[in-house]
Amino acid sequence: MKTIVFNLFALLAILPCFWVALSPNIFHAAFSLLVTLFGVAGLYILLGADFIGLVQVVVYIGGILVLIIFGLMMTQGARLIPGSRQVVNRISAAILALLILAALVHLAYRVKWPLTATPVEAAPTTEGIGDLLLGRYLVPFEVISFLLLAALVGAVLIARHHVKEG
């Protein structure tokens, strides 16, 4: 059963990627990216990285992707630059992608993967990460949050400055 679920999430992570790259409509590409990111989150959770999987859903699907879609809707991005998603060098891009795929497949077959007689169930990682973030790494965590807040305020100020000039 786990193999079927794993393969389902792997297909959800791989197949929509092609539509993200090849779709002429940027909205369709954004929604295909949503499915891809959901598949990757499912793979993380199946592999025992439950915290990373949930962060994938909350940050990437819930935050960044929604921001991209709202940005496209507010700026009418699909109508601004017609034909901007056309690839000039499709053949060279396809050749490069196939070379990278061949290298990855070659490496996957060459590496000696460690096998155990019985599969080990992964323990939840959220408790340990929470203890570290609110204990040993509390000060760096708060410093980074203030740095991100300052970057956000700076971006808003820069955007407002450009809007007033235009």
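Now for a look at the structure at hand. Fair warning: this is a prediction, and the values are worked out from it, not measured in the lab.

1. Remarks on the overall build of the protein
Piece 1. Of the regular secondary structure elements, the protein holds seven helices and zero strands.
Piece 2. In the protein, the succession of helices and strands from N to C terminus is α-α-α-α-α-α-α.
Piece 3. The contacts of the protein with a sequence gap of at least 6 include a subset with a gap of at least 24, amounting to 63%.
Piece 4. Taken as a whole, the protein presents about 13,400 Å² of accessible surface, with 76% of it coming from carbon and sulfur.

2. A few points about helix α2 (residues 26-46)
Piece 1. Under the 1.5 Å per step criterion, the end-to-end length of α2 is 30 Å for 21 residues, consistent within 8% with the ideal 30 Å.
Piece 2. Burial in α2 covers these residues: Ala29, Ala30, Ser32, Thr36, Leu37, Gly39, Ala41, Gly42 and Leu43.
Piece 3. For α2, the elements touching its buried residues are α1 (2-22) and α3 (50-75).
Piece 4. In the stretch just after α2, Gly48 is the one whose phi turns positive, near 95°.

3. Structural notes on a nonpolar patch on the surface
Piece 1. Taken together, Val55, Val57, Val58, Val59, Tyr60, Ile64 and Ile68 make up a surface patch of nonpolar side chains, about 530 Å² in accessible area.
Piece 2. Within the secondary structure, Val55 is located in helix α3.
Piece 3. Overall, the relative accessible area of 31% leaves Val55 in the partly exposed class.

4. Here's the deal with the packing of α2 against α3
If you want to describe how two helices pack, look at the angle between their axes and the distance between the axes.
Piece 1. Axis separation between α2 and α3 bottoms out at 8 Å; the angle between their running directions is 175°. Classified by the interaxial angle, the pair formed by α2 and α3 is roughly antiparallel. For the pair α2 and α3, the contacting residues are Ile26, Phe27, Ala30, Phe31, Leu33, Leu34, Leu37, Phe38, Val40, Ala41, Tyr44 and Ile45 in the first and Asp50, Ile52, Gly53, Gln56, Val57, Tyr60, Ile61, Leu65, Ile69, Leu72 and Met73 in the second.
Piece 2. For the contact of α2 with α3, a count of residues per class yields 20 nonpolar, two polar and one charged.

5. Focus: the side chain of Ser32
Piece 1. Relative to the elements of secondary structure, Ser32 occurs in helix α2.
Piece 2. With residues up to four places along the chain from it excluded, the contact list for Ser32 reads Pro16, Trp19 and Val20.

6. What about the side chain of Gln56?
Piece 1. Within the secondary structure layout, Gln56 lies in helix α3.
Piece 2. Among the residues examined, Gln56 registers a relative accessible area of 8% and is labelled buried.
Piece 3. Once residues lying within four places of it in the same chain are set aside, the contact partners of Gln56 are Leu37, Val40, Ala41, Tyr44 and Ile61.

7. Things to note about the environment of Phe31
Piece 1. When you line up the elements, Phe31 lands in helix α2.
Piece 2. For the pair formed by Phe31 and Pro16, sequence separation is 15 residues and the distance between their alpha carbons is 9.0 Å.

Thresholds applied
- Residues numbered from 1 in each chain as written.
- Predicted model: local features only at pLDDT ≥ 70, side-chain atom pairs only at ≥ 80, totals over all residues.
- Heavy atoms only, no water.
- Helix = DSSP H or I, 4+ residues; strand = E, 2+ residues; numbered from the N terminus.
- Contact = heavy atoms within 4.5 Å.
- Areas by Shrake-Rupley, 256 points an atom, 1.4 Å probe, with all protein chains shown as cover.
- Expected span 1.5 Å × (residues − 1).
- Buried < 20%, exposed > 50% of the residue type's maximum accessible area, 1.4 Å probe, protein only.
- Patch = residues over 30% accessible without salt bridge, like charges linked within 9 Å, V, L, I, M, F, W, Y side chains within 5 Å.
- Salt bridge = Lys/Arg side-chain N within 4 Å of Asp/Glu carboxyl O.
- Axes fitted to C-alpha atoms, helices over the stretch in contact; angles between N-to-C directions.
- Parallel < 35°, antiparallel > 145°, perpendicular 65-115°, else oblique.
- Nonpolar A, V, L, I, M, F, W, Y, C, P; charged D, E, K, R; others polar.

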